[in-house]
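# Inside the fold
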Amino acid sequence: LEVFHPDRVARRILGMADVVSLVERAEKVFSEEEARKISKKLHRQQFDFNDLKKQIDQLKNMGTIQSIMKLIPEMNHAEIDDRQFDSWRVVIDSMTPYERENPDVLRNYKRQVRIAGGSGTSLTILKKMLKKFEEMRKKAKHIRKGGFYD
C-alpha cells in the first residue's frame, strides 16, 4: 500500500513521470555514500560484477522492476523482467571472486561455459548479461568524457 497523493496519481494516469515517488523509494534503499562509491567506480571504469550484484539487490528492495518502470513513462513499456535479474544474480554467484572483480577475463569461452553450467543457466543468458554489462560500461565511458549516447 502507498500513501495516497492525488497529484502523483493524476500524473501516472496521464502517462507522466512520478519522479517524486521514484526518489522516495530510492532514498529508502540507496545510501548517498554508496551512490558516490558506485559513481566513482563507473567513472574510473572499475565497476565490476560485485557492484552489479549489489545494484540488483538494491533494485529488488525497491519493489518489482515493473512497478519501478511504471513511475518512468519512457520505461513503462520496457520489456524488463524480474526473472532476468534473478538469473543474472545466479550467474554472478557462479563466478569466482577473481572473475567478479575482473570482468574482462570472461571473454574466455571456457570460463563462460563453466559459469553457465555452474549457474544452471544457458550460455545465451550469460552472453546477454555480458553484452549488457559492456554496454553499460561504454555508456559510463561516454558520460565521463562529456558525450551523449543513444
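So, how was this worked out
- Residues numbered from 1 in each chain as written.
- Predicted model: local features only at pLDDT ≥ 70, side-chain atom pairs only at ≥ 80, totals over all residues.
- Heavy atoms only, no water.
- Core = buried A, V, L, I, M, F, W, Y, C linked by side-chain atoms within 4.5 Å.
- Buried < 20%, exposed > 50% of the residue type's maximum accessible area, 1.4 Å probe, protein only.
- Helix = DSSP H or I, 4+ residues; strand = E, 2+ residues; numbered from the N terminus.
- Contact = heavy atoms within 4.5 Å.
- Salt bridge = Lys/Arg side-chain N within 4 Å of Asp/Glu carboxyl O.
- Expected span 1.5 Å × (residues − 1).
- Polar contact = N/O pair within 3.5 Å; in protein donor to acceptor, adjacent residues only side chain to side chain.
- Axes fitted to C-alpha atoms, helices over the stretch in contact; angles between N-to-C directions.
- Parallel < 35°, antiparallel > 145°, perpendicular 65-115°, else oblique.
- Left-handed = near helix turned anticlockwise from the far one by under 90°.
- Nonpolar A, V, L, I, M, F, W, Y, C, P; charged D, E, K, R; others polar.
- Phe/Tyr/Trp six-rings, centres within 6.5 Å; stacked < 30°, edge-to-face > 60°.

Formed by 17 residues in total, the largest nonpolar core has its most connected members in Phe 49, Leu 52, Ile 92, Met 95 and Met 129. Every element with two or more residues in this core is listed here: helix H4 (49-62), helix H6 (82-93) and helix H9 (123-144). Not counting the four nearest positions on each side in its chain, Met 129 is found in contact with Phe 49, Trp 88, Val 91, Ile 92 and Met 95.

Relative to the assigned elements, Leu 106 resides in the loop between helix H7 (97-101) and helix H8 (109-119). Remark: the alpha-carbon pair of Leu 106 and Lys 127, spanning 21 residues in sequence, is separated by 9.6 Å.

For the rest of this paragraph, the subject is the pattern of salt bridges. Summed over the entire model, instances satisfying the criterion amount to nine salt bridges. One salt bridge connects Asp 93 with Lys 53, and the closest N-O pair in it is separated by 2.5 Å. Taken as a pair, Asp 93 in helix H6 and Lys 53 in helix H4 lie far apart in primary sequence, 40 residues in all. The partly exposed category is assigned to Asp 93, whose relative accessible area is 35%. Note that Asp 104 is salt-bridged to Arg 137, the shortest N-O span being 3.3 Å. Taken as a pair, Asp 104 in the loop between H7 and H8 and Arg 137 in helix H9 lie far apart in primary sequence, 33 residues in all. Assessed through its relative accessible area of 40%, Asp 104 is described here as partly exposed. Here the residues in one salt-bridge network are Lys 53, Asp 57, Arg 89 and Asp 93, joined through shared partners.

Moving on: H4. For H4, built from 14 residues, the straight-helix expectation of 20 Å at 1.5 Å per residue is met to within 8% by its first-to-last C-alpha distance of 20 Å. Along H4, the residues classified as buried are Phe 49, Asp 51, Leu 52, Lys 53, Gln 55, Ile 56, Gln 58 and Met 62. For H4, the N-terminal cap is Asp 48; the gap from its side-chain oxygen to the backbone nitrogen of Asn 50 is 3.0 Å.

A word on the packing of helix H3 (residues 32-43) against H4. Where H3 meets H4, the closest approach of the two axes is 12 Å, and the angle between their N-to-C directions is 140°. Between H3 and H4, the angle falls in the class oblique. Where H3 crosses over H4, the handedness of that crossing is left-handed. Each of Glu 34, Ile 38 and Lys 41 in H3 lies in contact with H4, whose residues at this interface are Asp 51, Lys 54, Gln 55 and Gln 58. Residue composition of the contact of H3 with H4, grouped by class: one nonpolar, two polar and four charged.

This model, assessed by the stated rule, comprises three aromatic pairs. On the numbers, 4.2 Å between centres and 25° between planes, the contact of Phe 49 with Phe 133 is stacked. Linking Phe 49 in helix H4 with Phe 133 in helix H9, this pair joins segments that are 84 residues apart in sequence. Here the two residues Phe 49 and Phe 133 agree in accessibility, since each one is buried. For the pair Phe 85 and Trp 88, a centre-to-centre distance of 5.5 Å together with 85° between the ring planes defines the contact as edge-to-face. Residue Phe 85 and its partner Trp 88 are both found in helix H6; the two are separated by three residues, about one turn of the helix. Summarising the burial analysis for this pair, Phe 85 and Trp 88 share the class buried. Site record: aromatic cluster; members linked through ring pairs are Phe 47, Phe 49 and Phe 133.

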